[in-house]
Amino acid sequence: MNRTKFSLDIAAYALFIVVILALPQFYDEFWLNRFAKYLIYGMLAIAISLSWGYAGVLNLGQGLFFGIGAYMMAMSLKLLSPTSLQQGADKPVPDFMLWNAEPGAPTELCCINQGSFLWIPFQDQWVGVAMSIVMPVAVAFVLGMIVFRQRISGVFVAIITLALVLLVRLLVIDAQPVTNGFNGLTDLGWFTLGGFEFDPYLVETYYFVAFSLIVVLIGTRLLVETRAGLILQAIRDDQNRVRYLGHAVARYQVFFFCVSAAIAGFAGMLYVVAAEFASPTFMDLAFSISMVVWAAVGGRSSLVGACIGAILINTIEAEMSETEELVEAWKAIIGFIFIVVVLFLPRGLAGFAQDATDFVLRVLGLAERENGRATDAAGGTASAAREEA
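Peer 1: Residues and numbers for the overall build of the protein chain, please.
Peer 2: The helix and strand tally for the protein chain stands at 16 helices and two strands. Its C-alpha atoms give the protein chain principal-axis dimensions of about 90 × 50 × 45 Å. When each of the 389 residues of the protein chain is scored for burial, the buried share is 47%. Of the accessible surface of the protein chain, which amounts to about 19,300 Å², a share of 64% is contributed by carbon and sulfur atoms. Across the protein chain, 22 positive and 31 negative side-chain charges occur, with their mean positions spaced 15 Å apart.

Spelled out as structure tokens, the structure:
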């Protein structure tokens, strides 16, 4: 990447950051809460871009890591809710456990049912925060070690992750005494940081989500620019060649798979803060596939492009689903948009923007000028080397 393109790339990131930080100046609390959720979806698209666009691993079960992160956070916030203290128990106990308890059962979190003891550590909010990241990473590590060490790749990885997310969803629903089944976890308390409670409709909550997204976006961009990130992209292009060069391919794949899972788990935690619920629908097949669609539309090989794609698609969905004339047709329109992008913009909106930028640079002659400078520099270096010799 020459200096001009690099400068334009940085400008695109800067413009995106300025736009999301400026939104509170133009929208009310209701729309800011919506946009906070869309920014979280953007974070999910970054995770997909990292695993699919940079590592070449199509993960159709990203909803698993998002759902685990959401449930971990929701368990802590559920115990902080007033509804967990208004059911006649001395200590916080989820209301649904008390409603479903057997007659005469002790109203203690340790033994109200067979699995209730799993909630005990989550009485501390920060356990929920930590587990929102640790648990998805742990699951991703175990899965990655099994899959990548066996050199499983391509569509088989997609099938395995798809099957796993559906299996866990069924387990969550079946464990109704512990997870509240289909109903999920609702009536949650507010996340507290430094004594400040993050009401989902406060501007401060939006900024909390926005700054979290900025940190994730910049962090992942710096990560893919490292030596490990460059090796990962080489693995995506030709695993065997990288393996013959002596690199531990499976280790790089597992590492970035875990990073992607950590981002998804963190996004799940933030979603619970902004939406005040956790549900098995987070692990639905449709939701995981939607994440892939967001990344494809925005550009799977561009972190900021995938993020913009997620925000754009969800904003369009919200607008069309609330337009009376499009209530019955908005899903078909979104599907049509995806088909058009796949057929005519295979690299997504980010790829189109890059092609347009290249065209403009060629017209202005900047690209040739940059190439000329690079050639001159290379020639000067070669001449100096010959003189020293």
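What follows continues from the structure just given.
Peer 1: Now, about helix H2 (residues 29-54): what can you tell me, with residues and values included?
Peer 2: Relative to the 38 Å expected for 26 residues at 1.5 Å per residue, H2 spans 36 Å between its end C-alpha atoms, a close match to the ideal helical length. Here H2 lies mainly inside the structure; 23 of its 26 residues are buried. Of the residues trailing H2, glycine 56 is marked for its positive phi of about 75°.

Peer 1: Any chance you could break down the nonpolar core for me, citing the residues and the numbers?
Peer 2: One finds Leu44, Trp119, Tyr206 and Trp294 to be the most contacted residues of the largest nonpolar core, which totals 109 residues. Take this core: its biggest share by element is 18 residues, from helix H11 (residues 249-275). Other than its neighbours up to four places away in sequence, tryptophan 294 contacts Tyr41, Leu44, Ala45, Phe287, Ala306, Gly309, Ala310, Ile313 and Asn314. Counting five residues, the second largest nonpolar core, distinct from the first, contains Ile231, Ile235, Val249 and Tyr252.

Peer 1: Help me get a handle on the packing of aromatic side chains, residues and values and all.
Peer 2: Each aromatic ring pair is described using two quantities: the centre-to-centre distance and the angle formed by the ring planes. What the rule picks out here adds up to 27 aromatic pairs. Between the aromatic rings of phenylalanine 287 and tryptophan 294, the centroid separation amounts to 6.1 Å while the plane-to-plane angle is 75°, which identifies the pairing as edge-to-face. Taken as a pair, phenylalanine 287 and tryptophan 294 share a single burial class, namely buried. An aromatic cluster is built from Tyr27, Phe30, Trp31, Phe35, Tyr38, Tyr41, Phe66, Tyr271, Phe277, Phe282, Phe287 and Trp294, whose rings are joined through pairwise contacts. Directly above the aromatic system of tryptophan 31 lies the positively charged group of arginine 34, at a separation of 4.8 Å from the ring centroid.

Peer 1: Can you tell me about the environment of leucine 312, naming the residues and giving the values?
Peer 2: Looking at where leucine 312 falls in the secondary structure, it is placed in helix H13 (residues 303-321). A sequence separation of 46 residues divides leucine 312 from aspartate 358, and the C-alpha atoms of the two residues are 24 Å apart.

Calculation notes
Residues numbered from 1 in each chain as written. Predicted model: local features only at pLDDT ≥ 70, side-chain atom pairs only at ≥ 80, totals over all residues. Heavy atoms only, no water. Helix = DSSP H or I, 4+ residues; strand = E, 2+ residues; numbered from the N terminus. Buried < 20%, exposed > 50% of the residue type's maximum accessible area, 1.4 Å probe, protein only. Areas by Shrake-Rupley, 256 points an atom, 1.4 Å probe, with all protein chains shown as cover. Lys, Arg positive; Asp, Glu negative; His and termini not counted. Charge placed at Lys NZ, Arg CZ, Asp CG, Glu CD. Expected span 1.5 Å × (residues − 1). Core = buried A, V, L, I, M, F, W, Y, C linked by side-chain atoms within 4.5 Å. Contact = heavy atoms within 4.5 Å. Phe/Tyr/Trp six-rings, centres within 6.5 Å; stacked < 30°, edge-to-face > 60°. Lys NZ or Arg CZ within 6 Å of the ring centre and 35° of its normal.

Keep in mind that these numbers describe shape and distance, not what the molecule does.
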